[in-house]
Each structure stands twice: as structure tokens, then as C-alpha cells.
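For reference, the chains in residue letters:
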Amino acid sequence: MRAEAGRICRDRGLDRRDGRLWLLLQRAWRDRKDWDRFTAEARRYRDPELDRWLTRAEPVMSREFAARARGVHRSRYAVRAARRELDERLGTRRTSFGNQARADRLLRLMALDISGAAKVHAWADLICVWLERSGGRAESSQRRIVDRDGRRSLRDPTVR
């Protein structure tokens with residue numbers, strides 16, 4: 001929305017740094033008062049494209065401002081950073097996944113680690129206790145999560 005408003009103003013020659021509309025546009029996203037100042041100024045220009053944009057943008061921004069907690073700024077940066085980290089960790093492995101359940105569990109473990117919620121030392125302690133009780137050997141099959149009828153769950157469209 002911000003980019004589209006900027007484009008409209010640039011197309012109309014309203015993007016001068018010392019121009020009131022441009023200055024208000026830069027501040028409009030901070031809070032409700034700044035948004036109201038910008039919309040009041042923008043309506044004075046009676047530009048059809050800018051008016052159409054305002055008609056679309058005002059309900060969205062009303063919801064945005066209503067959802068914001070006072071003094072709390074929200075950003076998608078953390079989500080983008082987590083996705084980049086996940087992409088790096090998966091790398092070329094993403095093409096080798098064949099079992100849906102194992103892939104889901106691996107992704108959940110990666111998400112825990114990336115978010116910082118993983119308790120690596122607690123899990124290591126639990127695994128050590130489990131191995132000590134079983135004499136250092138796993139008591140059960142490590143690959144219990146198997147696909148039905150031996151068919152791959154991720155690449156076979158007939159398996160659900």
C-alpha cells in the first residue's frame with residue numbers, strides 16, 4: 001500500500017521533499033493521528049486515482065490501527081529471517097524427503113531450534129537416561145514412522 005501511494009504521488013509530481021502531502025505520506029503509517037492528517041491532506045487534491053486508493057486503503061488501515069497495541073511496533077522481519085534460516089538448513093535436502101511424517105517432525109524440530117524454544121540440553125539428558133536404561137541400545141525400531149504399504153507419502157499423489 002505504501003509503495004502504491006508513493007507511486008501515485010510521484011506520478012502526480014507530489015513527491016517533493018518539502019511538500020506537505022509527501023511529508024504526511026511518510027509519517028502516515030506510524031499511528032492513527034498521522035494517518036488522519038495524511039488522508040485529510042490527500043482529499044484536498046481531489047485526484048481520482050488517489051481518492052480510489054484512499055477508499056481501498058482506509059478500511060485496511062483502520063483494522064491495522066485497531067489491532068496495534070499502544071506503543072508496540074510490529075514487523076515481519078523475524079518471520080523473514082526465520083524463513084531464510086529454514087531455507088538454508090533445508091538446502092538441497094528438500095528434494096530427498098519421501099516420508100510425510102518424518103519430514104513434518106524434522107520441520108517442527110528445525111522450527112523449535114530457529115525460534116529458540118528448543119531445549120537441547122534437556123533433550124540430551126532425556127536421551128542419555130533412556131540409553132542408560134536400555135544398556136546403550138535403542139529398545140525399539142528407530143524407524144517406526146513408516147509409509148503405508150511401503151509407498152512414499154510425499155511423492156505418490158494416491159497416498160493421503
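Our structure is the block above this text.
In this text the structure is predicted, and so the values were computed from the model without any measurement. (Residues numbered from 1 in each chain as written. Predicted model: local features only at pLDDT ≥ 70, side-chain atom pairs only at ≥ 80, totals over all residues. Heavy atoms only, no water.)

Colleague: Mind showing me how you'd approach the overall build of the chain here?
Modeller: Of the regular secondary structure elements, the chain holds seven helices and zero strands. By the burial criterion, 22% of the 160 residues in the chain qualify as buried. For the chain, restricting intrachain contacts to residue pairs at least 6 apart in sequence, the fraction spanning at least 24 positions comes to 51%. Split by element, the accessible area of the chain, about 12600 Å² in all, is 51% carbon and sulfur. (Helix = DSSP H or I, 4+ residues; strand = E, 2+ residues; numbered from the N terminus. Buried < 20%, exposed > 50% of the residue type's maximum accessible area, 1.4 Å probe, protein only. Contact = heavy atoms within 4.5 Å. Areas by Shrake-Rupley, 256 points an atom, 1.4 Å probe, with all protein chains shown as cover.)

Colleague: How should the nonpolar core be read in this particular structure?
Modeller: One recurring pattern in soluble globular proteins: nonpolar side chains tend to sit buried together. With 19 residues, the main nonpolar core has Leu 21, Leu 25, Trp 35, Phe 38 and Trp 53 as its most contacted residues. Looking at this core, the elements that each hand over two or more residues are helix 1 (2–11), helix 2 (20–27), helix 3 (32–44) and helix 4 (48–67). For this core, the element with the most residues is helix 4, which contributes six residues. If sequence neighbours within four positions are ignored, Leu 21 has contacts with Cys 9, Leu 14, Phe 38, Glu 41, Ala 42, Tyr 45 and Leu 50. (Core = buried A, V, L, I, M, F, W, Y, C linked by side-chain atoms within 4.5 Å.)

Colleague: What's the story with a nonpolar patch on the surface in this structure? I'm lost.
Modeller: A cluster of nonpolar side chains, Trp 123, Leu 126, Ile 127 and Trp 130, forms an exposed patch at the surface whose accessible area comes to about 450 Å². Note on placement: Ile 127 falls in helix 7 (residues 120–133). Overall, Ile 127 belongs to the partly exposed group, its relative accessible area being 43%. (Patch = residues over 30% accessible without salt bridge, like charges linked within 9 Å, V, L, I, M, F, W, Y side chains within 5 Å. Salt bridge = Lys/Arg side-chain N within 4 Å of Asp/Glu carboxyl O.)

Colleague: Whenever I open this one, unusual backbone geometry confuses me. Can you help?
Modeller: Across residues other than glycine, the phi torsion is negative in most instances, and most of the peptide bonds are trans. Even without being a glycine, Arg 46 presents a positive backbone phi close to 50°. Along the polypeptide, Arg 46 turns up in the loop between helix 3 and helix 4.

Colleague: When you look at the packing of helix 2 against helix 3 in this model, what are you seeing that I'm missing?
Modeller: Where helix 2 meets helix 3, the closest approach of the two axes is 8 Å, and the angle between their N-to-C directions is 150°. As summarised for this structure, helix 2 and helix 3 are arranged roughly antiparallel, according to the angle between their axes. In terms of crossing hand, the pair formed by helix 2 and helix 3 is left-handed. Taking contact as the criterion, the partners of Arg 20, Leu 21, Leu 24, Leu 25 and Arg 27 in helix 2 are, on helix 3, Asp 34, Arg 37, Phe 38, Glu 41 and Ala 42. Residues belonging to the contact of helix 2 with helix 3 are distributed by class as follows: five nonpolar, no polar and five charged. (Axes fitted to C-alpha atoms, helices over the stretch in contact; angles between N-to-C directions. Parallel < 35°, antiparallel > 145°, perpendicular 65-115°, else oblique. Left-handed = near helix turned anticlockwise from the far one by under 90°. Nonpolar A, V, L, I, M, F, W, Y, C, P; charged D, E, K, R; others polar.)

Colleague: Teacher, can you tell me more about the packing of aromatic side chains here?
Modeller: The relative placement of two aromatic rings is captured by the distance of their centres and the angle of their planes. Under the defined criterion, the tally for this structure stands at five aromatic pairs. Aromatic side chains Trp 35 and Trp 53 sit 6.1 Å apart centroid to centroid with 55° between the ring planes, which places their arrangement in the tilted category. With Trp 35 in helix 3 and Trp 53 in helix 4, the pair connects residues that are 18 residues apart, well separated along the chain. The pair Trp 35 / Trp 53 is uniform in exposure class, with both members buried. Ring geometry for Phe 38 versus Trp 53: centroids 6.2 Å apart, planes at 75°, classification edge-to-face. Pair noted here: Phe 38 is in helix 3 and Trp 53 is in helix 4, with a separation of 15 residues, a long-range link. Phe 38 gets classed as buried once you look at its relative accessible area, which sits at 0%. By relative accessible area, which is 2% here, Trp 53 ends up buried. Cluster of aromatic residues (ring-pair linked, three or more members): Trp 29, Trp 35, Phe 38 and Trp 53. (Phe/Tyr/Trp six-rings, centres within 6.5 Å; stacked < 30°, edge-to-face > 60°.)

Colleague: Would you explain helix 5 (residues 77–90) in this entry?
Modeller: Think of an α-helix as 3.6 residues a turn; residues three or four steps apart then line up on the same face. In a regular helix each residue adds 1.5 Å, so 14 residues correspond to 20 Å; helix 5 covers 20 Å between its end C-alpha atoms and thus fits that length. Gly 91 sits one or two residues past helix 5 and shows a positive phi near 50°. (Expected span 1.5 Å × (residues − 1).)

None of this, on its own, says anything about what the molecule does.
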